[in-house]
Amino acid sequence: MRSGDVRTGKLFSYVDLEDRVRRDHPLRAIRQIMNDALVLVEREFAALYSPIGRPSIAPEKLLRAMLLQAFYWIRSERLLMERLGYDLLFRWFVGIGINGRRSAIYGRTTRHSGYGVSLRIRKRIEEAFGWIKTVAGQDKTKFRGLDRVGWAFTFAAAAYDLVRLPKLMAVSS
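Residues numbered from 1 in each chain as written. Predicted model: local features only at pLDDT ≥ 70, side-chain atom pairs only at ≥ 80, totals over all residues. Heavy atoms only, no water.

Per an unreviewed UniProt entry, the protein goes by IS5 family insertion sequence transposase domain-containing protein and derives from Rhizobium fredii.

A.B. asks: Help me get a handle on the nonpolar core, residues and values and all.
C.D. replies: Leu27, Leu68, Leu80, Leu84, Phe90, Trp92 and Val94 are the most contacted members of the largest nonpolar core, which totals 15 residues. At the level of elements, helix 4 (59–71), helix 5 (77–86) and helix 6 (88–94) are the ones that each hand at least two residues to this core. Broken down by element, this core gets its largest block of residues, five residues, from helix 6. What Leu27 contacts, discounting residues up to four positions off in sequence, is Leu68, Phe71, Tyr72, Leu89, Trp92 and Phe93. Judged by nonpolar contacts, the second largest core, of five residues, contains Trp131, Ile132, Ala156 and Tyr160. (Core = buried A, V, L, I, M, F, W, Y, C linked by side-chain atoms within 4.5 Å. Buried < 20%, exposed > 50% of the residue type's maximum accessible area, 1.4 Å probe, protein only. Helix = DSSP H or I, 4+ residues; strand = E, 2+ residues; numbered from the N terminus. Contact = heavy atoms within 4.5 Å.)

A.B. asks: Which residues make up unusual backbone geometry, and what values go with them?
C.D. replies: At Trp73, a residue that is not glycine, the phi angle is positive and equals roughly 55°. Of note, Trp73 is situated in the loop between helix 4 and helix 5.

A.B. asks: Outline the packing of helix 2 (residues 26–40) against helix 4, listing residues and values.
C.D. replies: Running from N to C, helix 2 and helix 4 cross one another at 145°; their axes reach a closest spacing of 11 Å. In this structure, the crossing between helix 2 and helix 4 has a hand that is right-handed. Residue-level contacts link Leu27, Ile30, Met34, Asn35 and Leu38 of helix 2 to Glu60, Leu63, Arg64, Leu67, Leu68 and Phe71 of helix 4. Here the contact of helix 2 with helix 4 is built from residues that sort into eight nonpolar, one polar and two charged. (Axes fitted to C-alpha atoms, helices over the stretch in contact; angles between N-to-C directions. Left-handed = near helix turned anticlockwise from the far one by under 90°. Nonpolar A, V, L, I, M, F, W, Y, C, P; charged D, E, K, R; others polar.)

Have a look at this one:
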């Protein structure tokens, strides 16, 4: 079930987030353009969601959050969520008040036992890709073409596995 794109702007119910963002901030123009565009696709969004079930997070808010992730080079959704927890500019841009969204996201995900497992696995995956990019030098590959780049990535991933293997073997003994 799709929830509406209700935009809240109150902070502690007496301070408007709109007043907290300076009038000449570059995100103001981008936010207006984005909101105008999202109004045009509101019916398409509504058609994608079931009328029954648990309300989702509005896709408009997710798209605005993804824009912030791109604008500010935030490398993961987890870091984006952390930033949304304390950055009033980000909360204003996405369209959530000081008390909105965090409870919706964390209430839906953290209540499951699999959430903790997911965080540990995600950390392992991020560590592997971080090592492959930095230590193995795949952040700026020297190769051209899918075959060569793919081979270099596979080789770097195998090297990472070899680095981890002695530690894994010691744990299993």
